[in-house]
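Inside the fold
Read off the chains here:
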Amino acid sequence: MNNQSDDVAAFIESHSQEYLPRTPPSDNENGCKYLARTSNHQHQCAGTKSVNMTSVGVPSYMDKDVKCTTAIPYTLYYGTFIHTPELGKLEVLNNTLIGVNSEGYIDFIQSDFNEDDDDPIYFFRNTYKNSGSWKHFQFYDLRDTFQFVVPGFVDTHIHASQYPNVGVGLNIQLLDWLTKITFPSENALGENMSMTHQVYSKIIKKTLSCGTTCASYFTTIDQPSTTLFANLLLQYGQRGFVGKVCMDHNPVYPDYEEDIDSCMDGMKTLIDDLERLNPSDEILVKPIVTPRFALSCTDKLLSDLGKLSKERNLNIQTHISENVKEVEQVKQQFPNDKNYALVYDRHQLLTEKTILAHGVYLEQEEIDLIKQRKCSLSHCPASNTFISSGEAPIKKYLYEDDINVSLGTDVSGGFEQSILGVLKQSILVSHHLSMKFEPKDDDKKENVKLSVADGLYMATLGGAKAVGYGQMLGSFAVGKKFDAQLIDLDRGNIDMFSWQHTLPWKDLIAKWVFSGDDRNCIKVWCNGRLVILKN
Ligand SMILES: Nc1nc2[nH]cnc2c(=O)[nH]1
Ligand SMILES: [Zn+2]
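Anyway, here's the lowdown on the structure attached to this text. (Residues numbered from 1 in each chain as written. Chains lettered and ligands numbered in written order. Predicted model: local features only at pLDDT ≥ 70, side-chain atom pairs only at ≥ 80, totals over all residues. Heavy atoms only, no water.)

As for the overall build of the protein chain
- Counting secondary structure elements, the protein chain contains 18 helices and 18 strands.
- Buried positions account for 60% of the 535 residues belonging to the protein chain.
- Residue pairs at least 24 apart in sequence account for 73% of intrachain contacts in the protein chain once pairs closer than 6 positions are excluded.
- In the form shown here, the protein chain has an accessible surface area of approximately 20,800 Å², with 48% of it arising from carbon and sulfur atoms. (Helix = DSSP H or I, 4+ residues; strand = E, 2+ residues; numbered from the N terminus. Buried < 20%, exposed > 50% of the residue type's maximum accessible area, 1.4 Å probe, protein only. Contact = heavy atoms within 4.5 Å. Areas by Shrake-Rupley, 256 points an atom, 1.4 Å probe, with all protein chains shown as cover.)

Details of a negative patch on the surface
- A contiguous patch of negative charge on the surface is contributed by Asp116, Asp117, Asp118 and Asp119.
- Relative to the helices and strands, aspartate 118 is located in the loop between strand S5 (106-110) and helix H3 (120-127).
- Residue aspartate 118 is classed as partly exposed on the basis of its relative accessible area of 35%. (Patch = residues over 30% accessible without salt bridge, like charges linked within 9 Å, V, L, I, M, F, W, Y side chains within 5 Å. Salt bridge = Lys/Arg side-chain N within 4 Å of Asp/Glu carboxyl O. Lys, Arg positive; Asp, Glu negative; His and termini not counted. Charge placed at Lys NZ, Arg CZ, Asp CG, Glu CD.)

Remarks on the environment of glutamine 329
- As for its placement among the helices and strands, glutamine 329 is situated in helix H9 (residues 324-333).
- For glutamine 329, a relative accessible area of 37% gives the class partly exposed.
- Sequence separation of glutamine 329 and tyrosine 397 is 68 residues, and the distance between their C-alpha atoms is 24 Å.
- Setting aside residues no more than four positions away along its own chain, glutamine 329 makes contact with Leu175 and Leu295.

Concerning the site of ligand 1
- By nearness alone, every residue bordering ligand 1 is listed as His159, Gln162, Leu174, Trp177, Leu178, Arg292, Phe293, His319, Glu322, His358 and Asp410.
- Between a nitrogen atom of ligand 1 and a side-chain N or O atom of histidine 319, the distance comes to 3.4 Å.
- Starting from 280 Å² of accessible surface for ligand 1 in isolation, the protein chains cover 100%.
- In terms of residue count, the dominant contributor to the shell around ligand 1 is helix H4 (residues 174-190) (three residues). (Near = heavy atom within 4 Å. Polar contact = N/O pair within 3.5 Å; in protein donor to acceptor, adjacent residues only side chain to side chain.)

As structure tokens, this is what we get:
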């Protein structure tokens, strides 16, 4: 591949307004505002304006006429909050007030206000009268019927570079799909900066508008455009792990590989670039070590990447045991390793910061090793169905093997950009697994069926744990960041009826999961900052 550094520098220079992470363009497509990120902190911006009193809805930093109105004042959110603080447990916090400080951290959670007697603002002012924050805050009243707030989704496996191929390739199985569709298109993308810019902006905007506030991305083997991708994440305000694809062995499509030296140089440049890019006071984008999968890497590359991850304390992501032919070929290419997981383990690639995508055909010995090394799995049911890979026994992994499982769209093996859609698919696939048991084996059937609470957990806290942010994201708790989405059930594909406000929350949530889509996600906050606002 050509070295594109000069190209990219020129491209970025000529589009600097689009790329600089702290410029505030906000575009408006189909009634959806993408609110460019800016600094959270007053001291970085002279002339900062903050909101003096209750302002419902639009915060000050969206005011386009005031330059640098970037400080986010202390913010109160009042409404119904729903989350899964542990596996299988759905918790509904009714009439709840959440205070979020100017750094995006949840400062307090006060539940069960009595709507008639208690005034949440009075409560806040009274409790915080000594802190100063009560003078400058904004208040979101989110108590509309059929509205609730859930944690932002974490997509733990997505190929940004494959977005143009979504929906293409039904039933072509993995190895052919890679050779015929995926490698050529990734290769072409890396070589065209203008195309790359379009694709990368669109996938970030799309996933954000589906409620994904954090994602672990694969790009291509091209480093400069991978740095560009990180810029775009910052611009749109999504947390992201940025994975330059590493592969030095591709006999089926030799145009799309690089030698070890340029791969490792690219990784080092990416790491340095991202260190510079992040704002000084927060980390929103992080590099992630990304050997594509065992088949496209030599032992030497795997070993160098394992060392790099250890030296720089980096997360790792790769694929494992997705497809039967792939597993057979791994055994041929690495005859000294008893199984697929051991190939990675031999190179120190199985750590508590490793995300393994798919895991459809894992042997019990591999499962035990993955558990022992504390890796997480990324379950990608839409992809596993679309390219006919298989059905992963996720309930077993979660409840019997005690492995952390998260969800991945796996664009474009997967046709869903939305983790909500993947959550739905995960439940449906588990029902298909259950139907393989004889009618007499009712117990076994139940043991494989995932619940809505299981799905929501994988989509949020399971995902947060997978990327190493279990203490920071994935549920509502004091000290966590406010990454959240406001759901309005009564729009898009769903019609609600006035008398249904008495439906139990578990039914309302099931309606959202099975009938809802991105149209129901009407506001998204990442790091305490409003990043999506729909009409
Ligand atoms: N689904 C999927 N599996 C892979 N295995 C190796 N590369 C890929 C990829 O791009 N997508
Ligand atoms: Zn993948």
